[in-house]
Every structure is written in C-alpha cells, then in structure tokens.
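# Structural description and commentary
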2 protein chains.
Amino acid sequence: MQRRPFLATLGATAAAFTTGARAQEVPGKKLGWALVGLGSLSTNQIAPALAKTKHCKLAAIVTGTPAKAETWKKQHGLQDSHVYNYETFDRIAENPDVDVIYVVLPNSMHEEFTIRGAKAGKHVFCEKPMGNSADECRRMIAAMKAAGKQLGIGYRCQFEPHHRECMRFTREKVFGPLKFIEAGFGFQIGDPTQWRLRKEPAGGGALMDVGIYALQTCRYLTGEEPVEIVAQEIKTDPVKFAEVDETVSWSMKFPSGVLASVMTTYGFNGTNFFTATCQNGRFGMDPAYNYDGLKGWTSRPNVKLAFPAVDHFQAEMDAFAEAILNDKPFAPSGEEGLKDLLAIEAIYRSIREGKAVKVGAV
Amino acid sequence: MQRRPFLATLGATAAAFTTGARAQEVPGKKLGWALVGLGSLSTNQIAPALAKTKHCKLAAIVTGTPAKAETWKKQHGLQDSHVYNYETFDRIAENPDVDVIYVVLPNSMHEEFTIRGAKAGKHVFCEKPMGNSADECRRMIAAMKAAGKQLGIGYRCQFEPHHRECMRFTREKVFGPLKFIEAGFGFQIGDPTQWRLRKEPAGGGALMDVGIYALQTCRYLTGEEPVEIVAQEIKTDPVKFAEVDETVSWSMKFPSGVLASVMTTYGFNGTNFFTATCQNGRFGMDPAYNYDGLKGWTSRPNVKLAFPAVDHFQAEMDAFAEAILNDKPFAPSGEEGLKDLLAIEAIYRSIREGKAVKVGAV
C-alpha cells in the first residue's frame with residue numbers, strides 16, 4: 001500500500017521520458033539547440049561553449065533585434081529559415097534541426113518561452129532563475145510534462161568539478177556529518193537602466209540573479225530542502241534599487257540539523273564563496289561562482305579540492321543532450337528550479353513580514 | 001539647550017573619574033588585583049598574564065574551594081590575610097593592597113561580585129559576558145558609578161593588534177566604506193555537566209560564551225549599534241543542550257547600511273573568523289578569537305594584517321591599570337558590556353518569537 005504512490009510517480013516519470021524518446025535521438029547525434037535571447041550571456045558564454053560541446057550544435061536563433069540576427073547569421077552560418085523572432089518563434093515546431101530550446105531571456109519571459117517551446121514539441125533548457133515565482137515554475141513543469149519533453153535548468157555549478165567534489169564530500173561524509181554552511185555571492189551592478197534592476201522583468205534583484213547560486217550550494221551540499229528561513233534586507237541606494245533587493249542576508253534551517261547563513265548583494269564586489277563546516281573538518285571555495293578561476297580548499301592537507309577548469313556551459317549542455325539521447329531523467333530539472341523559487345519566496349516573505357517563514361511545499 | 005544633556009553626562013562621568021583618583025594611584029605604582037574565581041581561565045591565562053604585566057600584580061584571591069586557596073597561596077606567595085572566600089569577600093574593602101577586583105566567576109555571579117566590589121571601594125574588571133541580562137549590566141554600571149570607581153569588561157580582542165588594525169581599517173576607510181561582515185565563533189563543548197550548559201549560571205549557551213566575540217567584532221568594526229536582528233537556533237542534541245543554545249545564526253542591520261551575518265555554536269569545531277567586505281576591498285581573520293596563533297589577511301598584497309603575538313590578558317589588564325593610574329576613562333567599559341547584552345537579548349527574543357526584533361536602548 002505504502003509503495004503505490006511512489007511507484008505511480010516513478011511510472012509517470014518513466015512514461016514521460018519514454019514518450020519523449022524519438023528515433024532520431026540516438027547516441028552519436030548532435031542535438032540542435034535554438035538560443036532564445038541573444039544578450040551578453042548567449043554571445044560571450046553560451047555560443048562559444050556550444051561550439052565546444054560533444055553532443056550539441058547551434059541550430060537556430062530567436063531574437064527580437066534584427067541587427068543581432070544578421071550578425072549571428074553571418075558568424076554562425078545560419079540559414080534564414082533558422083532565424084526566428086518572438087512572433088515567429090512557434091514555427092520552430094516545424095524545424096527538425098531544432099531539438100532543444102535554450103531560454104536565455106529576462107526572467108519574466110522564461111515561463112512563456114518554455115511553454116511555447118513545449119508546445120512546439122521541443123526539449124527546453126532554461127536559464128536560472130527558472131521563473132519569477134513558484135507558480136510560474138509549476139506551470140512550466142506541467143507544460144513540459146504534457147509535451148513529454150525534458151526540462152533542464154541552467155545551474156552550471158552542478159557540472160563544475162569542484163562543486164561536484166564538494167557534493168561528494170557531504171554525501172560520503174568525508175569530513176563527517178555536515179553541520180553549518182556559510183555562503184555568499186554578490187557584485188556591484190553597473191548600468192542603472194538594465195532590466196535586472198526592474199521588478200517586472202527580473203522578479204527581484206541580487207537574490208534572484210546571484211543569491212540563487214549560494215542558495216543552490218546549501219541545497220546541494222545538504223541534499224535537503226530548507227524548512228524555515230529568516231531574512232533581512234538593507235538598501236543603501238534606494239534610487240538605484242527602488243524596485244529590487246540590493247543586499248540580503250538570511251539564515252535557513254535544514255531537516256538534518258544543518259544551519260546555513262547566506263548573503264547576496266548587487267551593492268559591492270568581493271563576496272563569492274562558501275564554507276562547509278563538518279563534524280571533523282571543513283572545506284569550501286573562494287571564489288566559488290565565477291565562470292573560471294575557481295579555488296577550493298579543505299582543512300586536511302591530504303584532501304585536495306583542485307581541478308582543471310572546465311567550461312560550465314559546455315558541461316551542462318552536453319549533460320542535457322546526453323540525458324535526452326539516452327532517454328534518462330536530467331538533473332537539475334524543473335523541480336530543482338521550483339525548489340529554489342520556493343526558498344526565494346520564503347526569503348522575500350520573511351523580509352516583508354519581518355518574521356520566520358516556513359518554506360512552501362512543491 | 002540641546003547640548004545640556006550631553007554636557008551634564010560628560011560632567012558626571014568626569015566627576016566619577018576624579019572621585020576615583022587616589023593619591024596612591026600614581027604612575028609607576030603596580031595596582032594590586034584580586035582574582036575572584038579560580039577556575040581554568042584564572043589558572044591558565046590570567047595568573048600567568050598578571051605576572052607579565054607592567055602595572056599590575058596579583059594581590060589577593062577569592063575562592064570557595066579551600067584546596068585551591070592552599071595551592072594558589074603557595075604558588076603565588078600570598079599571605080592568609082589576602083585570601084578570601086565568598087562569605088569573607090567584603091572584608092577586602094579594608095585591604096589597601098587590593099585596587100582592582102577581577103570577576104572571573106560564572107556569568108550569573110558577575111552582578112553580585114561587581115556590586116560587592118563597588119561597595120568595597122574597589123575598581124572592578126569583569127569577564128564577558130558582563131551579566132546574564134541588560135538589567136544586570138545596568139545595575140552593575142549604577143553601582144560602580146555610585147562608588148566612583150572604574151568598571152572594565154574583559155573584551156581581550158580589543159587589545160589585540162590584528163583586531164585593533166581592523167578597527168583602524170574601518171575607521172579610516174582604508175578599503176573604502178564597510179559594507180558587510182561575516183563572522184562566527186564556536187567550538188564543540190565537552191563535559192556535559194559543566195556550568196556553561198546550565199541556564200541559571202550561564203544565562204545562555206554558545207551565544208553568551210563565544211558568539212559574543214563575533215558580535216563584538218561587528219560592533220567595533222562598524223563603530224555602531226545594531227538596530228534590528230533576525231535569528232535562528234538549531235538543536236541537534238536536545239539533551240546536552242536542554243537549557244542553553246547549541247547553534248545560533250543571526251543577521252543584524254547597522255544604521256550606516258552595513259549588514260552582518262553571524263553564527264555561534266557549542267556543537268562543532270572550526271568556525272573562528274570574520275570577513276569584512278568594504279567598497280574597495282576586503283580583510284579578515286581566521287582564526288580570529290583564539291588566545292594565540294591568530295591570522296589576518298587582506299585583499300591587497302601591499303596591506304598586511306600580521307602582528308607578533310601578544311598576551312591578550314596582559315594587554316587588557318595593563319590598559320585598565322593605566323586608565324586608573326592616569327584617571328582616564330577606560331574602554332571597553334560597562335556600557336560596552338551592556339550594549340552586547342542588549343543585542344544578545346534581541347537575538348534570543350528573535351529566536352523565541354520567530355520575528356525581527358529591534359535592539360533595546362541603553
């Protein structure tokens with residue numbers, strides 16, 4: 001009796017992936033990716049990374065800016081038929097060269113283009129934060145499930161070897177049981193007119209954009225969901241940060257007894273770390289969240305935390321492609337994105353209401 | 001009109017110090033210290049430090065344990081007339097060799113022996129935490145003021161050169177304005193029967209005992225008092241920590257816009273640090289709060305944070321003696337101890353009530 005709901009869920013998940021499997025998705029094939037949104041991240045990180053992947057290739061672009069379309073067409077040798085704008089996007093359903101939609105748009109557009117991607121019958125890889133609310137995430141998950149397609153979230157650090165080794169440290173209790181996490185990620189944001197400083201497109205400020213990395217670390221080191229959060233915000237520039245959070249600090253309780261103390265900011269540079277304190281030792285990274293130059297450390301001279309650099313974007317895109325090609329569930333999935341949004345909503349609610357807040361259920 | 005309350009306060013303080021000045025308190029004289037409570041701290045730290053001071057000497061002991069009295073008498077060449085127990089303590093008023101009472105008792109006894117010291121007409125130096133509540137601190141301050149004697153609190157780090165240099169960094173904005181502080185101090189406490197784990201003598205757990213160091217750091221780096229605090233506590237061993245806090249994490253807002261994220265624990269070893277993030281750079285210490293082996297760092301290769309070791313106890317006792325001998329106000333005074341207790345009370349209240357708490361007024 002007790003096992004039935006679990007088996008039913010497993011069955012449904014397996015069915016979803018089976019439905020998602022196509023004849024063309026065989027090992028050896030390079031999956032075609034359509035980049036939706038050609039901002040700085042697509043230009044400077046994702047396109048160069050795509051060129052280095054084993055299982056992926058740039059197949060199409062989606063942009064609202066004709067000049068960008070021209071530049072990218074030339075640079076990447078794309079045909080006109082593989083260039084879309086936000087109105088013509090849905091025709092991508094008829095393009096057999098496109099297997100995956102990579103949503104690299106402002107946060108408020110993630111839901112729309114994920115759901116349109118699902119309706120076009122494509123797999124979707126979506127940048128973090130997954131959406132501006134847990135409800136947006138739930139609708140995205142439902143749409144992908146209905147389409148029988150995979151949904152992956154761009155949590156690049158989960159594919160970075162230092163971070164993966166840290167996950168192993170806690171899972172295998174290399175330093176004994178985890179007791180406490182300190183983490184923080186922030187930077188001094190520039191241009192005051194950018195969309196990241198407006199509530200409607202961004203959903204929030206530093207927390208949504210970079211605090212989510214530190215939050216992720218706490219979740220993947222514990223392997224648990226936070227149960228209760230207390231948070232504080234401080235605004236030193238109420239004009240620049242009129243719509244979104246500038247600096248936020250929060251504390252979270254995890255079911256196993258781990259406490260985490262975390263911060264994020266758009267107000268100043270420097271904080272880019274995590275420290276995990278375990279019963280018998282410690283480890284951490286600083287910097288922890290940059291695209292390169294990451295540095296790890298441990299309290300034991302004989303336990304190193306040092307790996308050659310990898311391209312995080314290349315690694316996550318190949319991992320997503322491998323999951324699709326092998327018809328295996330992908331993590332971090334939409335559920336992972338939803339869980340972060342549940343914690344983020346609790347942090348914002350704690351700030352607003354000035355009280356400890358229980359994290360909502362999936 | 002506006003200046004009158006300030007001048008009145010200043011006058012009262014100056015009068016107190018003038019009253020406190022005695023003919024015998026001239027430069028060159030070594031002040032006689034009476035140690036009240038001969039536990040581990042007195043034995044291993046304070047007595048050896050006293051022997052190294054320039055302006056102090058061990059003049060008397062106060063203990064409830066006759067065997068300890070015998071050992072100390074022999075070891076330090078004390079006469080019977082300079083050995084007191086808790087009942088005979090008040091006779092110390094008649095002992096001209098005793099200038100300063102150093103209260104090294106369990107926290108709940110600080111108030112009683114500070115007030116009895118004041119009534120005996122002696123200066124009092126009291127270990128941290130100053131008392132178990134802000135009200136206890138207020139009564140101690142009032143008693144010392146009435147006696148016209150100095151009250152100092154044993155915040156040894158304020159006399160340690162790394163910490164003092166960090167105070168200079170923030171005061172002189174060497175790295176630009178201070179923006180954020182991360183700090184923590186904890187250790188795995190041993191013997192489950194010790195008084196530090198009982199609410200009545202200790203007033204609280206890790207926060208009262210070692211968290212107070214991290215709290216102090218935030219206060220002396222900002223030079224401000226926290227205005228609002230949110231806190232969380234986690235207990236992984238509800239038997240051992242039935243009466244006092246095991247692990248506490250809190251966030252504090254300071255008036256100038258600094259946010260601080262702080263933790264303390266009795267549950268595990270390793271956390272012993274602070275990191276100060278400023279507009280143009282960072283600095284910190286790890287370990288920060290040990291008696292020796294402290295290590296400082298800064299983000300600038302040309303700004304060092306490295307000093308030869310000093311005996312913290314020697315430094316603070318000599319500083320207190322110098323203040324007395326020169327009839328100058330001493331810091332950290334009782335007011336400093338009171339301000340920590342106000343923050344600590346806000347932290348405990350935030351935990352109990354699950355909400356953001358304003359820090360009480362002096």
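Being a predicted model, the structure only gives us computed values, none of them experimental.

## Quick notes on the overall build of chain A
Helices and strands together make up the secondary structure of chain A, namely ten helices and 14 strands. Overall, the C-alpha framework of chain A stretches about 55 × 55 × 45 Å when taken along its three principal axes. Considering chain A as a whole, with its 362 residues, one finds that 52% of them fall into the buried category. Residue pairs in contact within chain A that sit at least 24 positions apart in sequence constitute 69% of those at least 6 positions apart.

## What about the packing of helix α8 (residues 206-222) of chain A against helix α10 (residues 334-353) of chain A?
Residue and element names in this part refer to chain A. Here α8 crosses α10 at 115°, and the two axes come no closer than 10 Å. Taken together, the axis directions place α8 and α10 in an arrangement best described as roughly perpendicular. Between α8 and α10 lies a crossing of right-handed hand. Judged by residue contacts, Leu207, Met208, Ile212, Leu215, Gln216 and Arg219 of α8 engage Lys339, Asp340, Ala343, Ile344 and Ile347 from α10. Its residues assigned to classes, the contact of α8 with α10 shows seven nonpolar, one polar and three charged.

## Some points on the environment of His163(B)
Residues and elements named next belong to chain B. Note on placement: histidine 163 falls in helix α6 (residues 161-171). Between the C-alpha atom of histidine 163 and that of glycine 296, which follows or precedes it by 133 residues, the distance is 8.9 Å. Setting aside residues up to four positions removed in sequence, histidine 163 forms contacts with Cys157 and Gln158.

## So, the sheet that holds strand β3 (residues 83-84) of chain B
All names here are of chain B. In space, the six strands of this open sheet follow the order β3-β2-β1-β4-β5-β6, with parallel pairing throughout. The strands lining the two open edges of the sheet, one partner per strand, are β3 and β6 (151-153). Sheet topology places strand β1 (residues 31-36) next to strand β4 (residues 100-103); four bridges connect them, and they run parallel. If you follow tryptophan 33 over to β4, its bridge partner there is valine 100.

## Considering the interface of chain B and chain A
Think of interface size as the accessible area that goes away when the parts come together; that is how it is often given. Taken together, the contact pairs 30 residues of chain B with 30 residues of chain A. Of all the elements in the fold, those that place two or more residues in the side of chain B that touches chain A are β7 (178-186), β8 (228-234), β9 (247-253) and β10 (259-265) of chain B. Among the elements that make up the side of chain B that touches chain A, the one with the highest residue count is β9(B) (five residues). Grouping the amino acids of the side of chain B that touches chain A by side-chain chemistry returns nine nonpolar, 16 polar and five charged.

## Focus: the confidence of the model for chain A
All names here are of chain A. A residue-level look at chain A finds 92% of positions with pLDDT of 70 or above and a mean pLDDT of 93. Segment residues 1-25 is flagged for pLDDT under 50; beyond a separation of four residues in sequence, or across chains, it makes 15 contacts in the model. Interface scoring of the predicted complex returns ipTM 0.90; its pTM is 0.91.

## Concerning the sheet that holds strand β9 (residues 247-253) of chain A
All names here are of chain A. Across the sheet, eight strands lie side by side as β13-β12-β11-β7-β10-β9-β8-β14; this open sheet has mixed pairing. With partners counted over all chains shown, the strands left at the sheet margins are β13 (296-298) and β14 (357-358), one partner each. Of the strand pairs in this sheet, strand β8 (residues 228-234) and β14 are connected by two bridges, and their pairing is antiparallel. Its bridge partner lying in β14, isoleucine 229 is registered against valine 357. This element, α8, spans β7 (178-186), β9, β10 (259-265) and β11 (272-278) of the sheet and lies at about 160° to β7. Here α10 sits on the sheet in contact with β8, β9 and β14, set at roughly 60° to β8.

## Thoughts on the nonpolar core
Ranked by internal contacts, the top residues of the largest apolar core, which has 217 residues, are Ala34(A) and Ala34(B). Not counting residues within four places of it along the chain, the set of residues in contact with Ala34(A) comprises Ala59(A), Ala60(A), Ile61(A), Val62(A), Ile92(A), Val98(A), Ile101(A) and Tyr102(A).

## Overview of the domain arrangement of chain A
Residues and elements named next belong to chain A. When its domains are assigned, chain A resolves into domain 1 (4-155 + 315-331) and domain 2 (161-309 + 341-358). On a C-alpha basis, the centres of domain 1 and domain 2 stand 27 Å from each other. Residue-level contacts link 13 residues of domain 1 with twelve residues of domain 2. Considering only residue class, the side of domain 1 that touches domain 2 consists of six nonpolar, six polar and one charged.

## So, the packing of helix α2 (residues 40-52) of chain A against helix α9 (residues 312-325) of chain A
All names here are of chain A. Where α2 contacts α9, the two axes come as close as 8 Å, and the packing angle between them is 60°. With respect to their mutual orientation, α2 and α9 come out oblique. In the crossing of α2 with α9, the sense of the turn from one axis to the other is right-handed. Residues Gln45, Ile46, Ala49, Leu50 and Lys52 of α2 form the contact with α9, whose participating residues are Phe313, Gln314 and Met317. Taken together, the residues of the contact of α2 with α9 sort by class into five nonpolar, two polar and one charged.

## Notes on the relation of the copies chain B and chain A
At an RMSD of 0.0 Å, chain B and chain A line up after a rotation of 180° and a shift of 0.0 Å along the axis. What we have between these two chains is a two-fold relation. Considering only C-alpha atoms, the part of chain B nearest the rotation axis is Lys355(B), at 1.9 Å. Of the interface residues in chain B, 100% have counterparts in chain A that sit at the interface too, so the contact is made through matching surfaces.

## With respect to helix α2 (residues 40-52) of chain B
Between its first and last C-alpha atoms α2(B) spans 18 Å; for 13 residues at 1.5 Å apiece the expected length is 18 Å, and the two agree. Taking the largest bend as the criterion, α2(B) deviates by roughly 35°, centred on Ile46(B), and proline Pro48(B) comes between one and four positions later.

## Notes on the pairing of β10(B)
Residue and element names in this part refer to chain B. Counting buried residues along β10, seven of its seven residues qualify, which places the element largely inside the surrounding structure. Residues of β10 alternate between two faces, with Leu259, Ser261, Met263 and Thr265 on one and Ala260, Val262 and Thr264 on the opposite face, all of them buried. Both β7 and β10 contribute to a ladder of seven bridges, which runs parallel. Paired with glutamate 182 across the bridge in β10 is serine 261. Relative to β10, β9 runs antiparallel, the two sharing seven bridges. Paired with lysine 253 across the bridge in β10 is leucine 259. Hairpin geometry of β9 and β10 is characterised by an intervening segment of five residues between the two adjacent antiparallel strands and by a positive phi of about 100° at glycine 257.

Reading guide: rules and limits
- Residues numbered from 1 in each chain as written.
- Chains lettered and ligands numbered in written order.
- Predicted model: local features only at pLDDT ≥ 70, side-chain atom pairs only at ≥ 80, totals over all residues.
- Helix = DSSP H or I, 4+ residues; strand = E, 2+ residues; numbered from the N terminus.
- Buried ≥ 20, exposed ≤ 12 C-beta atoms within 10 Å, placed from the backbone.
- Contact = placed C-beta atoms within 7 Å.
- Axes fitted to C-alpha atoms, helices over the stretch in contact; angles between N-to-C directions.
- Parallel < 35°, antiparallel > 145°, perpendicular 65-115°, else oblique.
- Left-handed = near helix turned anticlockwise from the far one by under 90°.
- Nonpolar A, V, L, I, M, F, W, Y, C, P; charged D, E, K, R; others polar.
- Pairing = 2+ DSSP bridges.
- pLDDT = per-residue confidence, 0-100.
- Core = buried A, V, L, I, M, F, W, Y, C linked by C-beta atoms within 7 Å.
- Domains from an automatic or database assignment.
- Least-squares fit on C-alpha atoms with pLDDT ≥ 70 in both.
- Expected span 1.5 Å × (residues − 1).
- Bend = angle between axes of the 7 residues up to and from the residue.

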